[in-house]
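# Working through the structure, step by step
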Amino acid sequence: NVPLPKLITIYDIYPDMNENLIVYCHSGARSARAAAFLDEIGYTNILDLGGIIAYQKYLHSREK
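Model, not experiment: these values are computed from the prediction. (Residues numbered from 1 in each chain as written. Predicted model: local features only at pLDDT ≥ 70, side-chain atom pairs only at ≥ 80, totals over all residues. Heavy atoms only, no water.)

## Details of the overall build of the protein chain
Under the convention used in this document: Every helix listed is a DSSP run of H or I at least four residues long, and every strand listed is a run of E at least two residues long, numbered separately from the N terminus. Only C-alpha atoms enter the radius of gyration; for comparison, a globular chain is expected to reach 2.2 Å times N to the power 0.38, where N is the number of residues. Should any heavy atoms of two residues lie within 4.5 Å, those residues are counted as being in contact. For the accessible areas, the method is Shrake-Rupley and the probe is 1.4 Å, while residue cover comes only from the protein chains on display. Within this scheme the basic residues Lys and Arg register as positive and the acidic residues Asp and Glu register as negative, but His and the chain ends are omitted. Think of each charge as sitting on NZ of Lys, CZ of Arg, CG of Asp or CD of Glu.
Looking only at helices and strands, the protein chain features two helices and two strands. Order of helices (α) and strands (β) in the protein chain, N terminus to C terminus: α-β-α-β. Taken against the 2.2 N^0.38 rule, which gives 11 Å for 64 residues, the C-alpha radius of gyration of the protein chain at 14 Å runs more than 25% over that of a compact globule. Oriented by its inertia axes, the alpha-carbon framework of the protein chain measures out at about 45 × 20 × 20 Å. Pairs at least 24 residues apart make up 65% of the contacts formed inside the protein chain by residues separated by at least 6 positions. Within the structure as shown, the protein chain displays about 5,200 Å² of accessible surface, and the carbon and sulfur contribution to it stands at 54%. One finds the centroid of the 6 positive side-chain charges in the protein chain at a distance of 15 Å from the centroid of its 7 negative side-chain charges.

Below is the structure:
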């Protein structure tokens, strides 16, 4: 879990440029920027899930 402003430190966490990285955010805008940034700096296996708000219809809450 790395916020967009701290993404520059990703190499410290995942130095393997072939590491599988999954990005997501609330609406999809920041995850797209994160995926583009990771691609620009050389990461090769990036999956952008987009915004989690789009998955709301698939989530179910449990009522007690």
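From this point on, the discussion continues.
## Looking at the pairing of strand β1 (residues 20-25)
Note the threshold: Think of it in three bands: with a 1.4 Å probe and only protein chains considered, a residue is buried below 20% of the maximum accessible area for its type, exposed above 50%, and partly exposed in between. Strand pairing is assigned whenever DSSP identifies at least 2 bridges connecting the two strands. When the strands point away from the viewer and the path from the first strand over the helix to the second turns clockwise, the crossover is right-handed.
Covered by surrounding structure in β1 are Leu 21, Val 23 and Cys 25 only, the residues Asn 20, Ile 22 and Tyr 24 on the alternate face being uncovered. Here six bridges tie β1 to strand β2 (residues 45-51), and the two strands are oriented parallel to one another. Counterpart to Val 23 in the pairing with β2 is Asp 48. At this point the chain moves from β1, through helix α2 (residues 29-40), to the parallel β2, and the crossover so formed is right-handed.

## Quick look at the confidence of the model for the protein chain
Applied cut-off: Confidence of the prediction at every residue is given by pLDDT, a number between 0 and 100.
Considering every residue of the protein chain, the mean pLDDT works out to 90; 92% of them sit at 70 or more. Averaged pLDDT values for the elements of the protein chain fall to 92 in helix α1 (residues 10-13) and rise to 96 in α2.

## Examining the environment of Tyr 24
Counting through the fold element by element, Tyr 24 comes out in strand β1. The contacts of Tyr 24, once residues within four sequence positions are left out, are Ser 31, Leu 49, Gly 50 and Ile 52.

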